[in-house]
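# Chains, contacts and geometry: an overview
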Amino acid sequence: MFYLFIFSPRNDLFPVTLRGWAASSSGLFLLAPVPAGCLSKETSSCSLIKKEDCRLQDVLSGERAEPEGPPYGELDVPPAMCSVGHPPAPPGHPGHNAITYCLDMNDRSPVDPMQPDMLQKLDKYMKPLIRPFVYKWAITQEYNIKEQLDCGVRYCDLRIAHRPNDSSTDLYFYHGVYTTLTVQTVLKDIKDWLDVHPKEVVILSFSHFLSLNQELHILLLTTIRNIFTSKLCPKTEVLTLRNLWTLGYQVIVSYEHNIAGSHSDLWPHIPYWWANKCKAEALIEEFEQRKQRGRPGGLFVTGINLTEDLKYICTHPTESLKDLVMSTYPALLGWVEEQAPGSKAGSLNIIAGDFITESHFAPTVVALNKKLLKWPS
């Protein structure tokens, strides 16, 4: 589990007692991040809970759900919650990505090779007809990265690729097709945002690497280090808010590759529960079965993002991913309301969804934290 952060117009960050995450998986993210602009004057003040010393190691291991010792105060949850952003899985491929607001609309840009063979062939020979469908179902995040951070995103799921037939060493993001922005450009945007918000902490999850050899992995790690420098938190560090603030650490890098084991500043990959369903009822049934088998021991994501396949897209030619997502959110959020955070076998941790800013996703997830408020009077 993790910390809930509540933002105030008069303070950068209030550490409060609740654990868990809401997510965009793009973004995925901290359970209740609320930027200053989202709080009204009536809700701008809240009782501080001295939680800086709760160890994130305990949170990561899932070994304890409540801090030891006396209660630290009361929490006044603000009603005005800004949603968290998360992009979903692309057609035919499991995954999610925060950087889909800048997909390359140039027809010369190929679809990524992780797409089904049929889609790749259709795109090659019928590009003018097929490509509009690809875009409609590949775009999962409409806000740029700084806007996502402003809206509360604190965990970014980043899929990295090297473009085919590209003689340069530039790296991009991908989701159906490749992005126009490079990884370096987006990471610099994140760094610039963190400079303005020195008490903010973000987790960057790098995964689903495509066409990266060892040399490009080393180049990516060098880029990460050159951009974030002293903001990078080593995986050996004691993760408390007090410690992070004292030492100036703002970035935790999760890296899904065996190279991570030999680098002290790369944290383990965060697992993602992906149901691979295009109907809300089937997705809910899948997750209920997984809950019975028990949650992972550390941080993990439950993705309520639906996955459309090529058959679904072809039989719904006038629809888009956003249409599918918005039509199913009432049922999915109804299920989320019934869940509980914590370390018990059936509890959830990070909850990820698509087009978060268009729904009541964040307030719904934030409200789950009330189930952890069991302080004695």
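Everything here concerns the structure above.
The structure reproduced in this document is the subject of the present report. Note that the structure is predicted; figures quoted are calculated from it, not measured.

Our next topic: the overall build of the protein. The number of helices and strands found in the protein is 11 helices and 12 strands. Residues counted as buried form 57% of the 377 residues belonging to the protein. Within the protein, contacts between residues separated by at least 24 positions form 77% of all contacts whose residues are at least 6 apart in sequence. Accessible area of the protein: about 15300 Å², with a carbon and sulfur share of 53%.

The next subject is the pairing of strand E12 (residues 350-353). Residues Ile350 and Ala352 of E12 are buried on one face, and the alternating residues Ile351 and Gly353, pointing to the opposite face, are buried as well. Where strand E11 (residues 301-303) meets E12, three bridges bridge the pair, whose relative direction is parallel. Within E12, the residue paired with Thr302 across the bridge is Ile351.

For the coordinates displayed, the defined rule picks out eight salt bridges. Linking Glu200 and Arg154 is a salt bridge whose minimum nitrogen-to-oxygen distance equals 2.9 Å. Of this pair, Glu200 sits in the loop between helix H5 (183-196) and strand E8 (202-210) while Arg154 sits in the loop between helix H4 (145-150) and strand E5 (155-161), and the two are 46 residues apart along the sequence. Under the relative-accessibility criterion, Glu200 is labelled buried at 0%. A relative accessible area of 1% places Arg154 in the buried class. One salt bridge in this structure joins Arg290 and Glu286, with 2.9 Å as the shortest N-O distance. Taken together, the residues span about one helical turn, with Arg290 and Glu286 both in helix H8 (residues 280-293) at a distance of four residues. Salt bridges linked by common partners bring Lys191, Asp195 and Lys231 together as one network.

Among the structural elements, Ser320 can be located in the loop between helix H9 (310-315) and helix H10 (321-337). Those residues in contact with Ser320, other than ones at most four positions away along the chain, are Lys136 and Trp137.

Here the focus is the environment of Gln120. For Gln120, the location among the structural elements is in helix H2 (residues 117-125). Among residues more than four places away in sequence, those in contact with Gln120 are Val111, Asp112, Pro113 and Gln115.

Right, let's talk about the packing of H2 against helix H3 (residues 127-138) for a bit. Viewed as axis vectors pointing N to C, H2 and H3 meet at an angle of 130°, and their least axial separation amounts to 6 Å. Relative to H3, the element H2 lies oblique. Where H2 approaches H3, its residues Leu119, Leu122, Asp123 and Tyr125 are matched on the opposing element by Lys127, Ile130, Arg131 and Val134. Residues belonging to the contact of H2 with H3 are distributed by class as follows: five nonpolar, no polar and three charged.

A separate point is the packing of aromatic side chains. This model, assessed by the stated rule, comprises seven aromatic pairs. Centroid distance Trp137 to Tyr312: 5.9 Å. Interplanar angle 85°. Geometry classified as edge-to-face. Highlighted residues: Trp137 in helix H3 and Tyr312 in helix H9, separated in sequence by 175 residues. Its relative accessible area of 0% is what places Trp137 among the buried residues. Its relative accessible area of 15% is what places Tyr312 among the buried residues.

The rules behind these values
- Residues numbered from 1 in each chain as written.
- Predicted model: local features only at pLDDT ≥ 70, side-chain atom pairs only at ≥ 80, totals over all residues.
- Heavy atoms only, no water.
- Helix = DSSP H or I, 4+ residues; strand = E, 2+ residues; numbered from the N terminus.
- Buried < 20%, exposed > 50% of the residue type's maximum accessible area, 1.4 Å probe, protein only.
- Contact = heavy atoms within 4.5 Å.
- Areas by Shrake-Rupley, 256 points an atom, 1.4 Å probe, with all protein chains shown as cover.
- Pairing = 2+ DSSP bridges.
- Salt bridge = Lys/Arg side-chain N within 4 Å of Asp/Glu carboxyl O.
- Axes fitted to C-alpha atoms, helices over the stretch in contact; angles between N-to-C directions.
- Parallel < 35°, antiparallel > 145°, perpendicular 65-115°, else oblique.
- Nonpolar A, V, L, I, M, F, W, Y, C, P; charged D, E, K, R; others polar.
- Phe/Tyr/Trp six-rings, centres within 6.5 Å; stacked < 30°, edge-to-face > 60°.

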